[in-house]
Each structure stands twice: as C-alpha cells, then as structure tokens.
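Chain by chain, the residues run as shown.
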Amino acid sequence: MFLDPRAIILFATNALLLFLCLLVNSSLAPLSLYLVLLGPMLVLPALYLNHRSFFICILLTGLWVDAALPATFGLFTCGFLVMGTLITMARIRFRTEHNYHPILLAHITNVACLVLLTIGEGLHYISAPAFWLQIVITAAISHAALLIIAPWFFNLQRLLFELCHVDTEPDEFPML
Amino acid sequence: MAKFRLDKFKPIVALGVFLVGWWIVPTLSKSFLPFVQLSFTEFQAPAWIVSSYLDDLESFWARRSHSKIELIEAGQELARQKAFYQLLDQRNKSLETEVMRLESILDMPSRREFRYQVARVIRRDLSAWWQQLVIRKGEDYGITEGAAVIFAGGVVGRVVEVNAFTSRVELISSPNFRMAASFEGDVRPVVYQGVPQSGFGGPIGEVRDAPQDLVANTQNPLRLVSTRLGGTFPPGLMIGSVSWLEPGSTGIFQAGSVRLDKRLLSLQEVSVLIPLNPLNYDRDVP
C-alpha cells in the first residue's frame, strides 16, 4: 500500500491537538500565558510508520502548523521533517509499547520546537530581557502541560488504531 | 562481514531532496508556496468560524438563563444609555457641520473618511514571538490589508493578512507594529512602537522622538493618541498613557514606556476602519 492508513489517523490527531492547543492559548491570552505543544506530533509517526508514510504525515502536519501559526511559512514544515527524520534514524533505541520513551521524545522535540521558534521568529528581540522571561515562562508551563497531555495524546492515537482496526505495532521494526 | 545496508539512509536522502526542492521551488514559481499556504489556511478557517459561532451560541444560552427582572433592568439601563448617546450624536453632528464650515473657509484639504466594520475576535495568538488576533471577517466584507483596527479603548492594531472569511490583525503591542502618534494637546509627532512583552502586568509599548519640553509623571500621565500622519488611523484615538519620559539614545529627544489598555488581551469585538478612498501611493504621495 502506498500510504499506511495510520498516517491519516496520526495526521488527524495532530490537527486536533493543534486546534485544542490554539483554543486554550486564545483563552489564556488575558493571563499572558501561551502553550507550545508541538513535540508530541512527531513522535508516533516517526516511531510507527514506514519511511514513506512518515514523510507524508509529517509533511502535511508541518504545512498545517505553518498555516495555523503566524510563523514564517516553512519553518515547521522543514523543522518537523528534520526532527522526525532524526527520530526515525534512531528509532531502534526506543520502545513504543509503553509511554516512557515517547514522552521523553515529546519533551525533547518540544524543546527543539521552542528553539526553532526563537531562532526563526525572535532573533530581533534577542537583547530584550522581557522576551527571554516570557520564553522561560512559556517553556515551563508548556512542559508542565506536556506531562499530562503527552500520555493522553499517545493513548488516544493508539486507541484510534484499535478502533479503526489497523496495525497496532510499529512498521519495519527494528530499523537497522 | 555484515552486509552494508543503504536503505537506512533513505530518510536522510528523502529529507535532503525535499529541502533542496523547498529551496528551489520559490525561484521557479513565486506563487506556489503562497498558494499552498493560502490553501491550508482556508481549509482550517471553517473550524475556527464554527468554534466562534458555538461560542456565541453558548453566550446566548447563558443569557437565556437570566431572570426576567434582570433583563428588564438591563433594558432600562440600555434605554438610558441610548438617550444619552442620542444627545451626544446631535452634538457631534452640529460640531461636524461647524468643522466642515471652518475647513471650507480655510480651504483645507479633505480628510480621509472610513467605513466601520465590526468584527468578532475568534482567536488570540499572544506569545513571545507574535502578538496577533484573528477576526471573523475577511474579503467577504471588503477588509483590506493595512486597515486600522480599533475598539472602545482606542487603537488595537493593523490588518496584516486578509483571507476569504477571516483576517489577521497585528496587535499594537507587537514589536512589528509602529505608527505615528502625538501627545494629547500637542501637535508635534512622535513615534510609537510595540515592544516584546514580559508577560507580567499589562501590555506596554514605547514612545520615541518626544520633544524635550514635555514632562510626564505618575500623577499626570500624558495621553498618547493617533494622528492623521500615515493615513491609516483617524486622529485622536487613544493609544496609551505615558507616565515617565527620559532622554533618548540621541540625547535630542525623549523616550518612554507607554502603558496600553489591559482590555487588549481579552478583546471580543473590534472595528475595522476601511478607507472609503484608499491611498494611491503613486498618485497621492509627493
């Protein structure tokens, strides 16, 4: 099959996560709080899908995120593909049947997304202490929220695999 | 000796090809990537519009739970306010007639006229990297890029992106936002610019190029208002208040922090000012 059906499920859950995250951010705006929860979007596609399906899923996710956020178009499309490829190359080292490794990867990729955003969008304000203060607050609450959201999100993705009667095991595993 | 497997490099090769393609495509076709971006944006817009209408519906049902007595009291209050605003409207009309008469005597150039388009805020993206709002009106209501956006408390920002049914507004607190301004009662222009927000306290901006003779203090803060310079905003709209001015980097002018309206962070509805006679920079600018 050209495209693993799980790629569609993973893309749909990524779109759902982004939508919910932006809704929450909109409600948190009066408190000057902002959540960046992009890390979990890359983890299961990189760990579960074959190379072709992973590429299509992450490409669509990147374009979706780029269109939704006011960032430069292409920042997340290219950034997600680079991060996702790195996880794919090392996926033999991670266990997918439990949430421990995916959560760890979600935190690492989320930090990478924050760094990417700061380099891509915030280089002009790099000398402003207020900018760094807000980055630290954003990173702290985002990663605190990830502790709850990442396990829920991965369980939701696995549950959808079962409900849609698709393969629940990683494809072509292990990749040497 | 173990067989050397090339297939493990497939992801890297595919990534390399994609990145080269992403770099080359804009040089071959300038409209391809903007088309992709627009397509994805328009595809997502209905979800936001539906969520905004659901929000309205929730507010409607919340209001339905109010008692009749509460509604009667609210109606009475509205009637009082309406009578007051009708009086103000009469006075405004007589003052406008007087201004027009004086302008024609002095042979002054005509002012820019705007049409007001009230729009609901459907999303707020206020972070360290950007300060933007998404509103529920776009090309379908004739919103134009660069149009001024205001609310009851003064200036909100400027439209930076117009889609079919939504528009994106750059907030006045964004470091990418800059406009000409003046202090109330002083015609000399100054420069207002947004600054990175710390996340603590209300939104702030900065004012530059303020004349040396202006003095601001916490007891009598200076009110910063819009001017007609630039042509985007009508004059006299509140931007914020300045309670401290100090010599700027040049030493010739003063600079200070502008305290903006706190309501900017929780706006529900804004007005977009669409110019009736848009500026033609080739024709109108000398």
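Thresholds, definitions, all that
Residues numbered from 1 in each chain as written. Chains lettered and ligands numbered in written order. Predicted model: local features only at pLDDT ≥ 70, side-chain atom pairs only at ≥ 80, totals over all residues. Contact = placed C-beta atoms within 7 Å. Helix = DSSP H or I, 4+ residues; strand = E, 2+ residues; numbered from the N terminus. Nonpolar A, V, L, I, M, F, W, Y, C, P; charged D, E, K, R; others polar. Core = buried A, V, L, I, M, F, W, Y, C linked by C-beta atoms within 7 Å. Buried ≥ 20, exposed ≤ 12 C-beta atoms within 10 Å, placed from the backbone. Pairing = 2+ DSSP bridges. Axes fitted to C-alpha atoms, helices over the stretch in contact; angles between N-to-C directions. Expected span 1.5 Å × (residues − 1). Bend = angle between axes of the 7 residues up to and from the residue.

Enquirer: What exactly am I supposed to notice about the interface of chain B and chain A here?
Expert: Accessible area lost when the parts come together is the quantity often used to give the size of an interface. Taken residue by residue, the interface counts 35 residues in chain B and 40 residues in chain A. Elements with a minimum of two residues in the side of chain B that touches chain A: helix 1 (10–28), helix 2 (32–64) and strand 1 (114–126) of chain B. When grouped by side-chain class, the residues that make up the side of chain B that touches chain A number 18 nonpolar, 10 polar and seven charged.

Enquirer: Can you walk me through the nonpolar core in this structure?
Expert: A general tendency of soluble globular proteins is for nonpolar side chains to be buried together. B:V149, B:V156, B:L224 and B:V270 are the most contacted members of the largest nonpolar core, which totals 99 residues. Ranked by residues supplied to this core, first place goes to helix 3 (residues 51–68) of chain A with nine residues. When near neighbours in sequence (up to four residues on either side) are disregarded, B:V156 contacts B:V149, B:I150, B:F151, B:V169, B:L171, B:I172, B:L264, B:L267 and B:V270.

Enquirer: Looking at this model, I keep getting lost on the sheet that holds strand 4 (residues 154–162) of chain B. Mind explaining?
Expert: Across a sheet, strands are paired by hydrogen bonds formed along the backbone, either parallel or antiparallel in direction. All names here are of chain B. If you trace the six strands once around the closed barrel, you get 1-2-5-4-3-12, paired in antiparallel fashion. Across this sheet, the average inter-strand angle for adjacent strands is 45°, counted without regard to direction. Both strand 1 and strand 2 (residues 131–135) contribute to a ladder of five bridges, which runs antiparallel. Looking at strand 2, one finds that R124 is bridged to L133. Each of strand 1 and strand 2 touches helix 2; the most contacted strand, strand 1, lies at about 100° to it.

Enquirer: Hey, could you run me through helix 6 (residues 129–163) of chain A in this one?
Expert: Residue and element names in this part refer to chain A. Over its 35 residues, helix 6 runs 49 Å from end to end, which matches the ideal 51 Å to within 8%, given 1.5 Å per residue. Its axis deflected by about 40° at L146, helix 6 carries its strongest bend there. Turning to helix 6, its buried residues number three or more, namely F131, Q134, I135, T138, S142, L146, I149, A150, F153, F154 and Q157. Its buried side turned inward, helix 6 meets helix 1 (5–28), helix 2 (40–48) and helix 5 (100–121). Just beyond helix 6, the residue with positive phi is H165, at close to 55°.

Enquirer: I would appreciate a short explanation of the sheet that holds strand 8 (residues 204–210) of chain B in the present structure.
Expert: All names here are of chain B. Spatially, the six strands close up into a barrel ordered 6-7-8-11-10-9, and their pairing is antiparallel. Direction aside, neighbouring strands of the sheet carry axes that sit 40° apart on average. Two strands pair when backbone bridges link them, and strand 10 (residues 238–247) and strand 11 (residues 254–260) are joined in this way by six bridges, in the antiparallel orientation. For L245, the partnering residue across the bridge sits in strand 11 and is G256.

Geometric descriptors of this kind do not, in isolation, establish any biological role.
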